[in-house]
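Structural characterization, general
Listed here are the chains, written in short residue letters.
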Amino acid sequence: MSNKVGIDKIAFYSPDYYIDMVELAHARDTDPNKYTIGLQQDKMSVIPVWEDIVSMGANAALQIIDDKDRESIDQVIFATESSFDYSKSAATYIHNMLGIHSGAKSFEVKQACYGGTAGLMAGFDYVRANPERRVLVVAADIARYGLHTSGEPTQGAGAVAMIISSEPKILSIDAQSFSRTDDQYDFWRPSHSPVALVDGHFSNQLYADSFINVFQQAEEALGTDLNQVKALAFHLPYTKMAKKALTALSDAETKMDEKMRARLIEDWQEQLNAAIVYGKQVGNTYTASLYISLMSLLKESDSLKAGDKIGLFSYGSGSVSELFFGNLVEGYQEQLEKVSGQKDLDERLQISIPDYEKYFGDRDLEYEANIDFEIPTDYVGFYLAKIDEHRRYYDFK
Ligand code: HMG
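Every residue gets a number counted from 1 within its own chain, in the order that chain's sequence is written. Only residues with pLDDT of 70 or above have their local features reported here, since the model is predicted, and side-chain atom pairs are shown and tallied only from 80 upward, although totals for entire chains, interfaces and linings are computed over all residues. Excluding hydrogens and water, the side-chain values take into account all heavy atoms of the structure.

1. Quick word on the environment of S87
Rule in force here: In DSSP terms, a helix is any run of H or I states spanning at least four residues, a strand is any run of E spanning at least two, and both are numbered starting from the N terminus. Think of it in three bands: with a 1.4 Å probe and only protein chains considered, a residue is buried below 20% of the maximum accessible area for its type, exposed above 50%, and partly exposed in between.
Within the element layout of this structure, S87 appears in the loop between β4 (73-79) and α5 (90-97). A relative accessible area of 69% means that S87 is categorised as exposed. For the pair S87 and I265, spaced 178 residues apart in the sequence, the C-alpha separation amounts to 44 Å.

Below you can see the structure in the form of structure tokens.
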């Protein structure tokens, strides 16, 4: 058994197109401040029809995988709630596209936005028991509520890929974590529906309540050790949600000395500015969101350093949540320099609201039995090339 497992490598991917939230607000006859201040969202990634969860996940993983990983990854775990197949897992495509050895297992996991964390935890357990081996966890989603809905400004698309090892170069993870299941209908997507159904205000409440619940469990177990936590990364359905959770915590009953709690929350609010930089420009990416927040925190904070302890709060509607902790490993910044960040977000192309609406409608083409997709000449990466008798075929360019 190895105790020192954690995230060895991590990268994210979000499609090349985005819309500006002020333009969306104008198109929806809404005060732009509701989106930019009320929800704290500036931009939203838009996915074209020739990309999907598999191509996004592969584009994230391609940034980090090397030949040593291809030989030592024993499990490919794909977390998503945007699955296009009830049987064949998205992980099987990724396994093939990345050239991972055939002795590896591949499967998909689901529990709303918590799925990525479920995959990660399963990966940690495997590597603890098999310290020489690795696990690839991919989390990818397309957040869809529908045009002209109240959830529309909280859509988005993206993926994260993480390699777990017993010699992590980024974050070593503590074995103890704090979780909660609460069977509720705050957000759900019945199998026949292409968009999510949501009780929006209740979902906000449940997120905040869940955060307080797992925080209280952590406080009970860790006591004053919690003071060592320098920053938190959050699941970000929209970035204001994390701020709302911290505000709810400052109003909640906890065992901590009030002054100490106020100081901790102030520090975490400060670090939150770094943890939300990417989420503000991408939108909700469901299972990938927490890990995009983690990357944003680690790449954009100028005060964190190796050895610092950070916390991660995972929330998935329905609902399951988990709070866990890890320590930043010496040299983590250099590892992160090699992968996607602000520069990639800056290089995206802004599209008009009518074009976004067209791409939104085009996703229904996925239900066709046969279709070839036309992709732009300047596109680089994995893409969905065609659907042939309901079978998906991917290509790389
Ligand atoms: P809404 O009813 O359209 O908006 O729904 P609102 O009236 O609640 O306003 C939003 C905020 O903007 C409020 O701030 C307003 O005060 C403010 P708050 O009071 O909450 O801090 N506001 C303004 N601010 C400045 N100037 C203005 C202005 N007008 C209003 N002029 C809602 C918003 C998020 C509910 C909706 O978009 C929605 O349903 N989204 C989807 C659900 C969601 O994101 N829930 C979050 C928690 S659940 C979760 O995280 C899980 C999830 O990721 C799914 C999964 O697990 O798979 C969603």
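Additional details are given in the paragraphs that follow.
2. Looking at the packing of aromatic side chains
Test applied: Side-chain rings of Phe, Tyr and Trp, where Trp is taken by its six-membered ring, are said to pair if the distance between their centres is within 6.5 Å; with planes under 30 degrees apart they count as stacked, over 60 as edge-to-face, and otherwise as tilted. When the NZ atom of lysine or the CZ atom of arginine is within 6 Å of a ring's centre and also within 35 degrees of its normal, the charge is said to sit over that ring.
Under the defined criterion, the tally for this structure stands at 20 aromatic pairs. Relative to F325, the ring of F178 lies with its centre 6.4 Å away and its plane at 65°, an arrangement referred to as edge-to-face. Of this pair, F178 sits in strand β9 (residues 178-181) while F325 sits in strand β14 (residues 320-328), and the two are 147 residues apart along the sequence. Side by side, F178 and F325 carry an identical accessibility label, which is buried. Here Y207 and Y315 contribute two aromatic rings whose centre-to-centre distance is 5.3 Å and whose plane-to-plane angle is 55°, an arrangement assigned as tilted. With Y207 in helix α7 (residues 200-222) and Y315 in strand β13 (residues 309-316), this pair connects stretches of sequence that are 108 residues apart. Assigned by exposure class, Y207 and Y315 land together as buried. An aromatic cluster is built from Y207, F211, F215, F234, W268, F313 and Y315, whose rings are joined through pairwise contacts. Against the face of F360 rests R144, its NZ or CZ located 4.0 Å from the ring centre. We note R392 situated over the ring of F84; from NZ or CZ to the ring centre the distance is 3.8 Å.

3. With respect to the confidence of the model for the protein
Low pLDDT marks stretches whose predicted atomic positions should not be read closely. Note the following rule: Along the chain, pLDDT gives the predictor's confidence residue by residue, from 0 to 100.
On average, residues of the protein carry a pLDDT of 97, and 99% of them reach 70 or more. Within the protein, helix α9 (residues 258-275) has the poorest average pLDDT of any element, 95, and β4 the best, 99.

4. Concerning the pattern of salt bridges
Rules: Here a salt bridge means any side-chain nitrogen of Lys or Arg lying within 4 Å of a carboxyl oxygen belonging to Asp or Glu.
Under the defined criterion, the tally for this structure stands at 20 salt bridges. Here D67 makes a salt bridge to R70, at a shortest N to O gap of 3.0 Å. Highlighted residues: D67 and R70, both in helix α4 (residues 67-72), separated by three residues, approximately one helical turn. Each of D8, K9, D66, D69, R134 and K169 takes part in salt bridges that share partners, so that together they form one network.

5. Some points on the nonpolar core
Heads up, the rule is: Here, the term nonpolar core denotes a set of buried Ala, Val, Leu, Ile, Met, Phe, Trp, Tyr and Cys residues that are joined through side-chain atoms within 4.5 Å. Contacts: residue pairs with any heavy atoms within 4.5 Å of one another.
The biggest cluster of nonpolar side chains holds 131 residues, and the ones touching the most others in it are I10, L136, F234, Y291, L294 and L298. Setting aside anything within four residues of it in sequence, one finds F234 in contact with Y207, F211, A242, A245, L246, L272, S289, L290, S293 and F313. Formed by six residues, the second largest nonpolar core is a distinct cluster that contains A143, Y145, A196 and Y286.

6. Here's the deal with the sheet that holds strand β18 (residues 391-396)
For clarity, the threshold we go by: At least two bridges found by DSSP between two strands is the condition for calling them paired. A fitted line through C-alpha atoms represents every axis, and for helices the fit uses only the stretch in contact; the resulting angles, taken between N-to-C directions, go from 0 to 180 degrees.
In spatial order, the strands read β16-β17-β18; together these three strands make up an open sheet with antiparallel pairing. Among the strands making up the open sheet, the edge pair consists of β16 (370-372) and β18. Here the strands of the sheet are splayed against their neighbours by 35° on average, with no regard to which way each runs. Relative to β18, strand β17 (residues 382-388) runs antiparallel, the two being bridged by six bridges. Counted as the bridge partner of F382 is F396 from β18. Taken strand by strand, helix α3 (residues 53-61) contacts β17 and β18, and its axis lies near 155° from that of β17.

7. Quick notes on the sheet that holds strand β3 (residues 43-46)
Read from one edge of the open sheet, three strands run β3-β2-β15, paired in mixed fashion. A single partner strand is all that each edge strand has here, and the edge strands are β3 and β15 (349-350). Relative to β15, strand β2 (residues 17-20) runs parallel, the two being bridged by two bridges. Residue pairing for β15: Y17 is matched across the bridge by L349.

8. Quick word on the environment of R144
Heads up, the rule is: For this analysis, a polar contact is any N or O atom pair within 3.5 Å, provided that within protein one partner can donate a hydrogen and the other can accept it, and provided that sequence-adjacent residues contribute only side-chain to side-chain pairs.
Here R144 shows up in the loop between β6 (134-143) and β7 (156-165). In this structure the C-alpha to C-alpha distance between R144 and Q228, which are 84 residues apart in sequence, comes to 38 Å. When sequence neighbours within four positions are dropped, the list of residues in contact with R144 reads Q155, P194, V195, A196, Y286, F360, R363 and D364. Within polar-contact distance, the side chain of R144 engages the backbone oxygen of F360 at 3.4 Å.

9. As for the site of the ligand
For clarity, the threshold we go by: Only a single heavy atom is needed: when it lies within 4 Å of a molecule or strand, its residue is near that molecule or strand. All accessibility values rest on the Shrake-Rupley procedure with a 1.4 Å probe; residue burial counts only the protein chains present in the view.
Lining the immediate surroundings of the ligand are 28 residues, of which K34, E81, C113, S150 and K244 lie closest. Interatomic distance of 2.8 Å between a side-chain N/O atom of K34 and an oxygen atom of the ligand. Between an oxygen atom of the ligand and a side-chain N or O atom of K244, the distance comes to 2.4 Å. Its free accessible area being 1,100 Å², the ligand has 78% of it covered by the protein chains. Where the shell around the ligand is concerned, the elements lending two or more residues are α2 (32-38), α7, α8 (240-251) and β13. Ranked by the residues each element gives to the shell around the ligand, the list is headed by α7, at five residues.

10. Let's talk about the side chain of S89
Locating S89 in the fold gives a position in the loop between β4 and α5. With a relative accessible area of 9%, S89 lands in the buried category. Excluding anything up to four places from it in sequence, S89 contacts S106, F107 and E108.

11. A word on the side chain of H95
Mapped onto the secondary structure, H95 falls in helix α5. Under the relative-accessibility criterion, H95 is labelled buried at 15%. Here H101 takes part through its backbone oxygen, which lies 2.9 Å from a polar atom of the side chain of H95. If near-sequence neighbours (up to four positions away) are discounted, H95 is found in contact with V76, I100, H101, S102, A104 and S106.

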